[in-house]
Structure formats: structure tokens, C-alpha cells
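# Survey of secondary and tertiary structure
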Amino acid sequence: MIKEMKSYEKIEQYDTEITESLADNYRIIIDNLGEDVTREGLEKTPERIAKAIQYLTHGYGLDPLQILKSALFTEDHQQMIVVKDIEVYSMCEHHMLPFFGKAHVAYIPNGKIVGLSKIPRVVDAYARRMQVQERLTDQIKNCIQEALNPLGVAVVIEAQHMCMQMRGIQKQNSVTTTSSFTGAFEKDKTRKEFISLVANKLS
Ligand SMILES: Nc1nc2c(ncn2[C@@H]2O[C@H](COP(=O)(O)OP(=O)(O)OP(=O)(O)O)[C@@H](O)[C@H]2O)c(=O)[nH]1
Ligand SMILES: [Zn+2]
């Protein structure tokens, strides 16, 4: 876990004890793989991986609800707000291999709007953990619903899973699409409007 993660700006502060413990474990893993962990190129690799893996899972130290609540503004606007093409980098919890792609998020406010940057921040806070794409999609939706109590929330994620590309079934071009909707987006017309707004990104 990364030290002092109360603020989501402090992702570079690594806990020394945890970094050393992770590095010790990676040294064993590299050795088990048949490599010489003392050779020049690998000497610092366990520490590098230890930091990288903490970065890739830094979402555990973030509070997504708080991220949204930190930038709520009162507004009458009641039209659909869409933030699309948000890069997603996550790791499948089954193989700890990356899955990555785009998230498209929309909501219809009900008295409160949120600072736009907070939406990708929430996507990141949930993505930077060990995940399945379905849960990631639901968590983003639920968080926005809880923080803003909007008329509706829509989340679509399209992603490629390295565990299906580099290994296993080895399907290089498969893309998985997941979606989750609340409120107004459960109505056909609203959902179609959202889909048409992000459609050029959906295959
Ligand atoms: N539903 C879902 N499945 C995922 C996700 N990421 C990885 N998986 C799947 O998790 C499953 C784990 O299945 P297992 O049969 O236990 O693992 P495995 O033997 O490595 O499976 P293969 O990948 O088919 O070789 C695989 O089918 C993966 O494709 C995800 O985000 N959502
Ligand atoms: Zn996997």
C-alpha cells in the first residue's frame, strides 16, 4: 500500500517497508523463473517492480466517493453530461495481467453537478485495483449515483484483456464491452441518446 494516500495526489510516496517486502518476494519469483537476479540488468528490478505494482494498484488508497464529494456544485442544468474516451488501465484479478481500454460515463444532474476531472479520477480510483470489468463498471456507476443522486448514470467500458491475448485463448482482437445504467438511462430513448453520443467509439 502506498503511504499517506488520503490525498489522491500523493501516488509517488511509497512505504519503504512494504516496498522492501515486495522486492524480496519479487527476488524469489525472478529466481524461481530461472533468472540470475544478481546480474546487472536485474539487480534493481525487484525494487522497480515493487514500486510499479504499488502504482498499478494505488486505487486501494483512494476514496472515490470523497473525490466526487470534494467538487460538487449546485446547478439547475438537467441535460445529459457525457465524458467519453476515458483511458482505463486495470488488472484482471484472475491472472494479474492488464486489461485496458476506454470508459464512457454520463449522468443527468438533479441539482448538483460535479467537477469534470473528478469523473476520470473516479474511473482511475476503481481501475487501479485488481478487478473484473463488470465490477469496475458497476462501482463507477454506483459511486456517481451515491455522490450526486442524479436522475441517471450510464457507464460503458470497452476493454482488451491481456490474459486473453498474451496467453490462454490468445484472441488478439477481442474487445469486451460492459455497461451499467441507473434511472433515466433505463429508458430506451435516453439510453439510445447516450449510445449515439459515444457510438463512434463503440464497435
Ligand atoms: N467476467 C470476467 N472474466 C474475466 C475478466 N478478466 C479475466 N477474466 C476471465 O477469468 C477466467 C478465469 O477462468 P479460469 O478457468 O479459472 O482460468 P484459466 O484456466 O486461466 O482460464 P483461461 O483464460 O481460459 O485459460 C477466464 O475465463 C478469464 O478470461 C473480467 O474482467 N471479467
Ligand atoms: Zn485474466
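Residues numbered from 1 in each chain as written. Chains lettered and ligands numbered in written order. Predicted model: local features only at pLDDT ≥ 70, side-chain atom pairs only at ≥ 80, totals over all residues. Heavy atoms only, no water.

## A closer look at the site of ligand 1
Near ligand 1 the following residues occur: C92, H94, H95, V132, Q133, E134, H161, C163, M164, R167 and G168. One of the side-chain N or O atoms of H94 is found 3.0 Å from an oxygen atom in ligand 1. The contact in question runs from a nitrogen atom of ligand 1 to an N or O atom on the side chain of E134, over 2.7 Å. Protein chains shield 50% of the accessible area of ligand 1, which is 630 Å² for the free molecule. At the level of elements, α5 (133-148) and α6 (162-165) are the ones that each hand at least two residues to the shell around ligand 1. (Near = heavy atom within 4 Å. Polar contact = N/O pair within 3.5 Å; in protein donor to acceptor, adjacent residues only side chain to side chain. Areas by Shrake-Rupley, 256 points an atom, 1.4 Å probe, with all protein chains shown as cover. Helix = DSSP H or I, 4+ residues; strand = E, 2+ residues; numbered from the N terminus.)

## Let's talk about the domain arrangement of the chain
The domain boundaries assigned to the chain delineate domain 1 (16-60) and domain 2 (64-201). Each of domain 1 and domain 2 was reduced to a C-alpha centroid, and the two centroids are 31 Å apart. Between domain 1 and domain 2, the residue contacts involve seven residues of the former and six residues of the latter. Here domain 1 meets domain 2 over a buried area of about 650 Å², counting both sides, of which 61% is carbon and sulfur. Broken down residue by residue, the surface that domain 1 buries against domain 2 is led by L56, G59 and Y60, which jointly contribute 63%. The interface formed by domain 1 and domain 2 includes zero salt bridges. A class-by-class count of the residues in the side of domain 1 that touches domain 2 yields four nonpolar, three polar and no charged. (Domains from an automatic or database assignment. Contact = heavy atoms within 4.5 Å. Buried area = accessible area lost by both parts, 1.4 Å probe. Salt bridge = Lys/Arg side-chain N within 4 Å of Asp/Glu carboxyl O. Nonpolar A, V, L, I, M, F, W, Y, C, P; charged D, E, K, R; others polar.)

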